[in-house]
Amino acid sequence: MADDVKDTARAVEAAAVMGLLPVRPRLLALGEPTHGEETLLELRNELFRQLVEQEGYRTIAIESDCLAGLVVDDYVTSGTGTLDEVVERGISHGWGAFAANRELVRWMRAHNDGRPASERIRFAGLDGPLEITGAASPRQALTALHGCLAARVDADLLPCTAETLDRLLGADDRWTDPAAMRDPARSVGQSAEAGRLRLLADDLVALLDTQTPHLIAATSRDDWDRARLYGRTATGLLRYHYWTADPSPARMTRLCALRDGMMAHNLLAVAARGPALVHAHNSHLQRVKSSMRMWQGPVEWWSAGALVSARLGDEYAFLATAVGTIRHQGVDTPPPDTVEGILYALPEDRCVVDAPRLATALGDTRPAPRESPWFGYAPLDPAHLADSDGILFVKDVTQSQGPVRGVRGVRGGR
């Protein structure tokens, strides 16, 4: 069996990845089993570079705030701002402070310098302006959407004024109270003002849709795409806040599903622009249901990857990243009867593995699930080995020097 397993492994190169797939996918999703490890981020960067230079990929989307990501996209496409400012403001969760994320942005800007717009590569955040600990105020998305429309359509068609939005939104800290995640009564999501805002957001998005030909002609398709991003983010955030105020037992299951639903819509918008590499936690990109144990018990939901895969079919491909050790976090050599242990016995330090072929090679020998001593690392589920198109395996994740500029409030959750 050892030789059969070895035969499934190849060097981590774009050509080897493409060789696993029946067609070139519009979205190539690269999952990671933990956040913030420079070794994995550097490998992502190198794969993206090869995909751009050899396979014509034009966008990278990472697990970061989709609205903040516009700051990065403006910088890499047109040079707006400075590198320091952009990685601080444009990559959420404090992850802009990691050296590999900073290097990604620097390389993208250098690659685009002097190229025509049609050849420039793009950056996108795939996450909503939220985390498992809470959600942003809908102010930025709502007011930006209203502003896009107010500048281009007859004022009589607008469902409200900017002043009405401002009054209904109130202070932003009403929306961002961290206590609301554990106490639904602290959320303003089901207040009368929030209910009125949901209706207005729906009307604004409907106006955007019905004015599409005019708006594209008056501005550009990129501007229209950006307005659509504001629209789906505004409605998504208001929906998320509504259910944050829900006291029912299904509350956290619904919130996890809504977050991945927002991710899925962002990914479909990215896919419409052309082939892209997507990078996020395995649990957001896998085709099977995701699960997590939270303070009130286990929750299960369909991930963004499962939702997008159902829409795109073969044009969505998923590579799960697995690791052998993360010794600085207490994750030592994997047991030999786990998937990670089987791959750890291979001679390569890193490789890409044909997951369906590996599952076939293992036959009825079902690997044992690996137990992680550290909550921040999620091992592969051997029961779903064949549900990914490939596994990118890194034998040893080494400790980096840490964030290059001092991470503020870095969150390691999924």
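Residues numbered from 1 in each chain as written. Predicted model: local features only at pLDDT ≥ 70, side-chain atom pairs only at ≥ 80, totals over all residues. Heavy atoms only, no water.

## Concerning the overall build of the protein
Okay, step 1: For the protein, the helix and strand inventory stands at 16 helices and twelve strands.
Okay, step 2: On C-alpha atoms alone, the protein measures out to a radius of gyration of 22 Å, which is about the 22 Å that the 2.2 N^0.38 rule sets for 414 residues.
Okay, step 3: Its C-alpha atoms give the protein principal-axis dimensions of about 70 × 55 × 40 Å.
Okay, step 4: Within the span of the protein, comprising 414 residues, buried residues form 52% of the whole.
Okay, step 5: Restricting the contact set of the protein to residue pairs at least 6 apart, pairs at least 24 apart contribute 78%.
Okay, step 6: Carbon and sulfur atoms form 49% of the exposed surface of the protein, whose accessible area is close to 17800 Å². (Helix = DSSP H or I, 4+ residues; strand = E, 2+ residues; numbered from the N terminus. Rg over C-alpha atoms; globule rule 2.2 N^0.38 Å. Buried < 20%, exposed > 50% of the residue type's maximum accessible area, 1.4 Å probe, protein only. Contact = heavy atoms within 4.5 Å. Areas by Shrake-Rupley, 256 points an atom, 1.4 Å probe, with all protein chains shown as cover.)

## Observations concerning helix H7 (residues 139-150)
Okay, step 1: An ideal rise of 1.5 Å per residue puts 16 Å on twelve residues; H7 measures up with 16 Å between its terminal C-alpha atoms.
Okay, step 2: Contact partners of the buried residues in H7: helix H8 (162-169), helix H9 (192-210), helix H10 (212-218) and helix H11 (221-244). (Expected span 1.5 Å × (residues − 1).)

## With respect to the confidence of the model for the protein
Okay, step 1: Taken as a whole, the protein shows an average pLDDT of 94; of its residues, 96% reach a score of 70 or greater.
Okay, step 2: Segment residues 404-413 is flagged for pLDDT under 50; beyond a separation of four residues in sequence, or across chains, it makes 25 contacts in the model. (pLDDT = per-residue confidence, 0-100.)

## Considering unusual backbone geometry
Okay, step 1: We note that His93 has phi near 65°; this positive angle belongs to a residue other than glycine.
Okay, step 2: Structurally, His93 can be placed in the loop between helix H5 (83-90) and helix H6 (99-112).
Okay, step 3: For His93, a relative accessible area of 6% translates into the label buried.

## As for the packing of aromatic side chains
Okay, step 1: The tally for this structure, following the rule as stated, stands at three aromatic pairs.
Okay, step 2: Between the aromatic rings of Tyr242 and Trp243, the centroid separation amounts to 5.1 Å while the plane-to-plane angle is 80°, which identifies the pairing as edge-to-face.
Okay, step 3: Here Tyr242 falls in the partly exposed class, since its relative accessible area comes to 29%.
Okay, step 4: Consider the rings of Trp374 and Phe375, whose centres lie 6.1 Å apart with planes at 65°: the pair is edge-to-face.
Okay, step 5: By relative accessible area, which is 76% here, Phe375 ends up exposed.
Okay, step 6: Sitting over the face of the ring of Tyr242, Arg198 holds its NZ or CZ atom 4.9 Å from the ring centroid.
Okay, step 7: Looking at Lys395, its charged tip hangs above the ring of Tyr344, at a distance of 5.4 Å from the centre. (Phe/Tyr/Trp six-rings, centres within 6.5 Å; stacked < 30°, edge-to-face > 60°. Lys NZ or Arg CZ within 6 Å of the ring centre and 35° of its normal.)

## A short note on the sheet that holds strand S4 (residues 122-127)
Okay, step 1: Read from one edge to the other, the open sheet built from eight strands follows the order S1-S11-S12-S10-S2-S7-S3-S4, with strand pairing classed as mixed. Either end of the sheet is taken by a strand with one partner, and the two such strands are strand S1 (9-10) and S4.
Okay, step 2: Bridge count between strand S10 (residues 316-325) and strand S12 (residues 390-396): six bridges; the pairing is parallel. Paired with Val323 across the two strands is Val394, which belongs to S12. (Pairing = 2+ DSSP bridges.)

## Description of the pairing of S12
Okay, step 1: Judged by how many residues are buried, S12 sits mostly within the fold: six of seven residues are covered.
Okay, step 2: Where strand S11 (residues 350-353) meets S12, four bridges bridge the pair, whose relative direction is antiparallel. By the bridge assignment for S12, Val353 is matched with Ile391.

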